[in-house]
Structures are given as C-alpha cells and as structure tokens.
Amino acid sequence: MSAPLLQARNVARCYHMRKGLLGRSVEVRAVDGVSLTVERGRTLGLVGESGSGKSTTGRLALGLEKPDAGDVLFNGAPMPATDTLAWRQMRARMQMIYQDPLGALDRRLQIVEQVREPFDVHDLGEPKEREALAFALLQSVGLRADQGRRYPHELSGGQRQRAVIARALATKPDLLVCDEPVSALDVSIQAQVINLLVDIQQELGLGLLFISHDLKVVRQVSHRVAVMYLGRIVEEGEADLLLSSPAHPYTEALVSAAPVPGRRTRPRIVLQGDPPNPAARPSGCAFHPRCHAARERCKVESPLLKPMPDGRLAACHVAHDQANFLKAAS
Ligand code: SF4
C-alpha cells in the first residue's frame, strides 16, 4: 500500500509572547499535538474558529514553518532541510492558495506574467513556450486571454482567485493547501471558485487540505473533516457522518449554526463567549467553559482524541461515555 500524500504526526508549534509591564515571556501553543492525513484525490476539511491553529497547521503541513515537535511526511518522506534543492523540488509539488488573492499577486505585473513565473523559477518547459503554457492554464480556470493581459486590480476578486489557482497549478502539484480561499469573496462567487477546485481535484487527482472557519463551505468540498479547537483536533471523521451527527459538543455547535437547506434542522447551540486565550489554556478539557454538556470531570481531566465505535475520532468524555453506554445496551 502506498504512503499517504501528506501525513502530519503529532506536530506542535509554540510561540513566545511578551506579556505585562515586565515583559514576562509566555508560551502560546498554537498547535498542540496535531495528527492528520491527506490522501490523493481526497479533501480534508480543517474547520474551527479564528485562532484555533488551523492556518499554523497548514503552514506546518507545507513546511513553511518547522514544528517544535512531531514530523510531517510527504509521500512517506520527511521534509528536507529548507532552502535545499530537495526542499524546493518537494515544495513545487505542494502549493498554497491564500485568502487574499490581491495580496498574493504582484500589482505591477500582468496576470499572465505571474502565471508564467513558476515555469521560469523551476525551469519547466521551453522558455519560448512558457507564455503559451501560462495562457493555457488561465483558460483551464476559466479566464480569457485578454484577462491574462490585465493587472490584478483590473480583475474581480473571483477572477483574481482563479489566477492564483492557475499559478499554483503551474508546477503540477500533488497537494493544494487552501487557507480560507473563498472567505473574501461574495457568496455567489464562492460557489464558482469551490466548483472550480472540485473540478480540478477530480481531473488531476490532487489532495486538498481545505482550511476554513465556515462549515457551510467545508461541507461542500470535504471527504473528511477535522475540527480544531485551541490548537488541538477535537473530532475527525468522514464528512457525512461528522456533519450529520456530530459527537463533540463543539462540532455540534458549529453544525447547528450552519443548517443545510431542506434538511431537518437541529436546535441552535449558541457558543458563549470567545475562545480562551491560548496562553492561558483552561484546565481539563479546554472547551469546558463554553460547553453545554460539561461535567465536573471535564474541569480537571483532559480528554484524549480516540476512536469511537463508528470509526471517527473524538476528544470528549461525555461522547465516549454515551457511545460506550449505547454499545453495552445493544
Ligand atoms: Fe464538553 Fe466535557 Fe466533552 Fe469537553 S469533555 S467537550 S467539556 S462534555
């Protein structure tokens, strides 16, 4: 059996912040022991509120940041040391799509010149053919040749994101890490860009790590979903199962806030307050101050992320107790 396309194993990333008048250094665990796998031709949706560690996880997965602990494997091989030839070759096969296409593009260059750039940087194709290759890529994402001759500010947000996707495809990547790729776009344009990503994935067999705070968007693209809270994965499983019957109370709250039109809606669970400061992680289960199902045990005992009888992973005392009770009763 071949190795997964991308595998992060127990990765952790801490930052140090100065706090207070004396500038005391405090440790912030942005990512705290995260494991995830992206298979070829499949999408793993990574969802959670702002500050949950999703974007840091994406950067760790791409090797843009080095984990303090754990490791990342691409096609079964560890990331080479940064700025080596092996690292650049591996990085060419994994690309990132960011939230802000205008920020990702150079305002001084025509779109086609920017899509051509990866061919020049990685010495792909004959130099005289590279512009034609760039135009072909633009056409494949639904942009016309005259739009390729424009500058970023002359295109709409959706067209700019298409241009960014075209540029990411130039090196024929195996993996796309999409970090909030549609959250800056109008809802009608969001659907077009999502459909484009799904079409590209089906045609090229890419693996996608799709990061978003918006469960409605994640639902449309994901085969599997991992839910992050305060630097840890709290639930992970097949998208249909996890989104139709969430086990973790945090997932339940997210799902209740993103009902599917035409499906039975579950009562809305409104999360109280903001996520806690990662520098002052609550004791026990970090979600307990906001959890509608919390028990005394949750304040002192941190739940492990472990398999449920239906195959998903969940980190919740109550979810496991209920599943074990139902199993014993059946
Ligand atoms: Fe809520 Fe307790 Fe489960 Fe944490 S362990 S999610 S506090 S029920």
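An account of the accompanying structure is given in this report. (Residues numbered from 1 in each chain as written. Predicted model: local features only at pLDDT ≥ 70, side-chain atom pairs only at ≥ 80, totals over all residues. Heavy atoms only, no water.)

### Description of the sheet that holds strand S10 (residues 232–238)
Filter applied, for reference: By definition, two strands form a pair when at least two bridges between them are found by DSSP. Counting from the N terminus, the helices are DSSP H or I runs at least four residues long and the strands are E runs at least two residues long. The contact criterion used throughout is that any non-hydrogen atoms of two residues lie within 4.5 Å. Every axis in this analysis is a line fitted to C-alpha atoms, fitted for helices over the stretch in contact. Angles between the N-to-C directions lie between 0 and 180 degrees.
Across the sheet, which stays open at both edges, the eight strands sit in the order S6-S7-S8-S3-S9-S10-S12-S11 with mixed pairing between neighbours. One side of each edge strand has no neighbouring strand; the edge strands of this open sheet are strand S6 (94–97) and strand S11 (306–307). Two elements, strand S9 (residues 224–229) and S10, share six bridges in a ladder whose sense is antiparallel. The partner of arginine 224 across the bridge, within S10, is glutamate 238. In the packing of helix H8 (residues 187–204) onto the sheet, the strands contacted are strand S3 (43–47), strand S7 (175–179) and strand S8 (207–212), and the crossing angle to S8 comes to about 160°.

### Concerning the packing of aromatic side chains
Stated precisely, the cut-off is as follows: Ring pairs shown here join Phe, Tyr and Trp side chains whose ring centres sit within 6.5 Å, with only the six-membered ring taken for Trp; geometry is labelled stacked below 30 degrees between planes, edge-to-face above 60, and tilted in between. Buried residues are those whose accessible area, probed at 1.4 Å on protein chains only, stays under 20% of the maximum for their type, while exposed residues exceed 50% and partly exposed ones sit between those limits.
Taken as a whole and assessed by the stated rule, the structure comprises three aromatic pairs. Ring geometry for tyrosine 229 and phenylalanine 287: centres 5.0 Å apart, planes at 80°, overall edge-to-face. Of the two residues, tyrosine 229 is situated in strand S9 and phenylalanine 287 in the loop between helix H11 (249–256) and helix H12 (296–300); the sequence distance between them amounts to 58 residues. The class for tyrosine 229 is buried, based on a relative accessible area of 4%. Relative accessible area serves as the criterion here: at 3%, phenylalanine 287 is assigned to the buried category. In textbook terms, an aromatic cluster arises when at least three aromatic residues are bridged by ring pairs, as seen for Tyr229, Tyr250 and Phe287.

### A few points about helix H2 (residues 85–92)
For H2, every residue scored as buried is listed here: Trp87, Met90, Arg91 and Ala92. Elements in contact with the buried residues of H2: helix H1 (54–62), strand S4 (69–74), strand S5 (77–78) and S6.

### Let's talk about the sheet that holds S4
Reading across the sheet, the four strands line up as S2-S1-S4-S5 and stay open at both edges, with antiparallel pairing between neighbours. The open sheet is flanked by strand S2 (24–38) and S5, the only strands paired with a single partner. Both strand S1 (residues 6–19) and S4 contribute to a ladder of five bridges, which runs antiparallel. By the bridge assignment, glutamine 7 is partnered in S4 with leucine 73.

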